[in-house]
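Descriptive structure summary
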Amino acid sequence: MLFAIGFLSLIHFSFGQGDKEAGANGANKNQIVIKDFHFTPETLTVKSGEKITWVNRDEEPHTVVSVEKQFKKSSALDTDQEFTITAGAPGTYTYFCSVHPKMTGTIIVEKS
Ligand SMILES: [Cu+2]
């Protein structure tokens, strides 16, 4: 039991360090990782005007397509390829992968 508590606080400590480093490198870094046929996080909240970057960490190609064409669609992203948009007007943007339409995600854009 004591060991488990020690281990958990170690994990917590290392996450805390990572957050600080990310903040120092650029505050407005909104990244969505595509891995195992999922967008992570599945729902991302950003402010209007911020950049959002998807990166594909799967061996399969994936795309990012807005359901209501609220932003340009990506080309097919190969492994480790990135796709970036700038969040537009406030609202809820849903998107999917046109290769695997069951892969969906949501971006909530708030007023900046
Ligand atoms: Cu896909």
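Above: the structure in question.
This one's a predicted model, so the numbers in the text were calculated from it and none came from an experiment.

1. What to know about the sheet that holds strand β8 (residues 104-110)
One open sheet accounts for 4 strands, arranged β3-β8-β7-β5; its pairing is mixed. Strands with a single pairing partner mark the edges of an open sheet, and in this sheet they are β3 (43-47) and β5 (65-66). For β3 and β8, the ladder comprises 5 bridges, and the chain directions are parallel. Pairing of Thr45 across the sheet is with Ile108, part of β8.

2. A short note on the pairing of strand β7 (residues 91-96)
Here β5 runs beside β7; their pairing, made up of 2 bridges, is antiparallel. From the neighbouring strand, Ser66 faces β7, where its bridge partner is Tyr95. Examined bridge by bridge, β7 and β8 share 6 bridges and lie antiparallel to one another. In the sheet register, Tyr95 faces β8, and the bridge partner there is Gly105.

3. Thoughts on the sheet that holds strand β6 (residues 82-86)
One open sheet holds the 4 strands; their spatial order is β2-β1-β4-β6, and the pairing between them is mixed. Each edge of the open sheet is held by one strand with a lone partner, namely β2 (38-40) and β6. Taken over all neighbouring pairs, the strand axes of this sheet differ in orientation by 20° on average, direction set aside.

4. Let's talk about the environment of His62
Tracing the sequence through the fold places His62 in the loop between β4 (51-56) and β5. Measuring from C-alpha to C-alpha, the distance between His62 and Leu77 comes to 5.3 Å, with 15 residues separating the pair along the chain. Among residues more than four places away in sequence, those in contact with His62 are Ile34, Asn56, Leu77, Cys97, Val99, His100 and Met103.

5. Comments concerning unusual backbone geometry
Note: most residues except glycine have negative phi, and most peptide bonds are trans. The omega torsion of the bond from Thr40 to Pro41 falls at 0°, within 30 degrees of zero and hence cis. Note on placement: Pro41 falls in the loop between β2 and β3. Unlike most non-glycine residues, Phe37 shows phi in positive territory, near 65°. With respect to the secondary-structure elements, Phe37 resides in the loop between β1 (30-35) and β2. Even without being a glycine, Lys69 presents a positive backbone phi close to 50°. Following the sequence through the fold, Lys69 ends up in the loop between β5 and β6. Judged by the 8 C-beta atoms lying within 10 Å of it, Lys69 is exposed.

About the thresholds
Residues numbered from 1 in each chain as written. Predicted model: local features only at pLDDT ≥ 70, side-chain atom pairs only at ≥ 80, totals over all residues. Pairing = 2+ DSSP bridges. Helix = DSSP H or I, 4+ residues; strand = E, 2+ residues; numbered from the N terminus. Axes fitted to C-alpha atoms, helices over the stretch in contact; angles between N-to-C directions. Contact = placed C-beta atoms within 7 Å. Buried ≥ 20, exposed ≤ 12 C-beta atoms within 10 Å, placed from the backbone.

Everything listed here is a matter of coordinates, which is why it stays silent on function.
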